[in-house]
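Survey of secondary and tertiary structure
Given next are the chains, with one letter for each unit.
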Amino acid sequence: MAITDKIYVKNHRQLASQMETNFPKGAFSGATLDLLFQGENLAKLDDTTQDRILDFAQDFMDCDCEGAPHCGCPERKFISYLLELREGGLGPQAVVDVMSDDYMVYAYPGDVRSFLDDSIRRLEAIETLAEVDGQQAARDAAHQARKDLS
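Quick summary incoming for the structure in this document. (Residues numbered from 1 in each chain as written. Predicted model: local features only at pLDDT ≥ 70, side-chain atom pairs only at ≥ 80, totals over all residues. Heavy atoms only, no water.)

1. Some details on the overall build of the protein chain
A count of helical and extended segments in the protein chain gives 8 helices and 2 strands. Along the protein chain, helices (α) and strands (β) appear in the sequence β-α-α-α-α-α-α-β-α-α when read from the amino end. In terms of overall dimensions, the protein chain has a C-alpha envelope of 55 × 35 × 25 Å along the principal axes. A separation of at least 24 residues holds for 46% of the contacts in the protein chain among residues at least 6 apart in sequence. Of the roughly 8400 Å² of accessible surface on the protein chain, 47% is carried by carbon and sulfur atoms. A gap of 7 Å separates the mean positions of the 15 positive and 27 negative side-chain charges of the protein chain. (Helix = DSSP H or I, 4+ residues; strand = E, 2+ residues; numbered from the N terminus. Contact = heavy atoms within 4.5 Å. Areas by Shrake-Rupley, 256 points an atom, 1.4 Å probe, with all protein chains shown as cover. Lys, Arg positive; Asp, Glu negative; His and termini not counted. Charge placed at Lys NZ, Arg CZ, Asp CG, Glu CD.)

2. Brief notes about the pattern of salt bridges
Opposite charge on two side chains allows them to pair when their charged atoms are near. Applying the stated criterion across every chain yields a total of 7 salt bridges. With its nearest N and O atoms 3.1 Å apart, the salt bridge here joins arginine 139 to glutamate 127. One end of the pair, arginine 139, is in helix 8 (residues 136-149); the other, glutamate 127, is in helix 7 (residues 109-132), with 12 residues separating them in the sequence. We note that arginine 139, like glutamate 127, is buried. Through salt bridges that share partners, Asp117, Arg121, Glu124, Glu127, Arg139, Asp140 and Arg146 make up one connected network. (Salt bridge = Lys/Arg side-chain N within 4 Å of Asp/Glu carboxyl O. Buried < 20%, exposed > 50% of the residue type's maximum accessible area, 1.4 Å probe, protein only.)

3. Points about the packing of helix 5 (residues 73-87) against helix 6 (residues 92-103)
Running from N to C, helix 5 and helix 6 point in directions that differ by 130 degrees, and their axes come no closer than 10 Å. The angle between helix 5 and helix 6 places the two elements in the oblique class. As helix 5 packs across helix 6, the resulting crossing turns out to be right-handed. Together, Phe78, Tyr81, Leu82 and Leu85 of helix 5 and Val95, Val98, Met99, Asp102 and Tyr103 of helix 6 make up the contact between the two elements. A per-class count over the contact of helix 5 with helix 6 returns 8 nonpolar, no polar and 1 charged. (Axes fitted to C-alpha atoms, helices over the stretch in contact; angles between N-to-C directions. Parallel < 35°, antiparallel > 145°, perpendicular 65-115°, else oblique. Left-handed = near helix turned anticlockwise from the far one by under 90°. Nonpolar A, V, L, I, M, F, W, Y, C, P; charged D, E, K, R; others polar.)

4. Some remarks on the nonpolar core
In this structure, Ile7, Phe56, Phe78, Tyr81, Leu82, Met99 and Val105 are the most contacted members of the largest nonpolar core, which totals 32 residues. Once residues within four sequence positions are removed from consideration, leucine 82 is found in contact with Ile3, Val95, Met99 and Phe115. (Core = buried A, V, L, I, M, F, W, Y, C linked by side-chain atoms within 4.5 Å.)

5. A short note on the packing of aromatic side chains
Following the criterion strictly, the structure yields 13 aromatic pairs and no others. Taking the centre distance of 5.4 Å and the plane angle of 80 degrees together, the rings of tyrosine 81 and tyrosine 103 count as edge-to-face. One end of the pair, tyrosine 81, is in helix 5; the other, tyrosine 103, is in helix 6, and 22 residues separate them in sequence. On the basis of relative accessibility, which here comes to 10%, the residue tyrosine 81 falls in the buried class. The exposure class assigned to tyrosine 103 is buried, which follows from its relative accessible area of 8%. Between tyrosine 106 and tyrosine 108, the aromatic rings sit 6.0 Å apart at their centres with planes inclined by 90 degrees, giving edge-to-face as the arrangement. With relative accessibility at 46%, the residue tyrosine 108 sits in the partly exposed group. (Phe/Tyr/Trp six-rings, centres within 6.5 Å; stacked < 30°, edge-to-face > 60°.)

Okay, structure coming up:
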């Protein structure tokens with residue numbers, strides 16, 4: 001299961017009540033993306049919540065793909081965001097706190113820890129395979145990326 005499947009809308013029940021509708025708790029669920037980013041639904045929310053949702057849309061859903069927002073770009077951008085937070089020295093709990101403050105989404109710190117650990121293990125595998133294949137530049141890039149996450 002991808003980390004983006006484990007990212008949830010903060011205050012989900014309150015938002016559903018304000019919008020007078022039900023929607024999935026998962027932030028990257030297709031129905032949630034559709035519902036939260038329709039203008040009529042957004043207008044029912046308080047200004048602070050609207051601002052955070054608009055920030056989320058601007059930072060992760062802004063792409064030129066024909067299938068947007070169901071093209072995979074929001075998930076890829078969010079994963080990059082998580083990795084950048086880790087590269088900045090934040091641990092799993094701090095990553096959760098920042099994403100919650102920035103975008104009103106949350107995850108369980110254990111899920112973030114598992115995602116980061118999996119990322120490091122994949123980079124180790126890339127590093128090893130690149131070395132075996134004689135791709136020194138790829139090995140060096142994977143090594144540096146792994147070092148940045150560790």
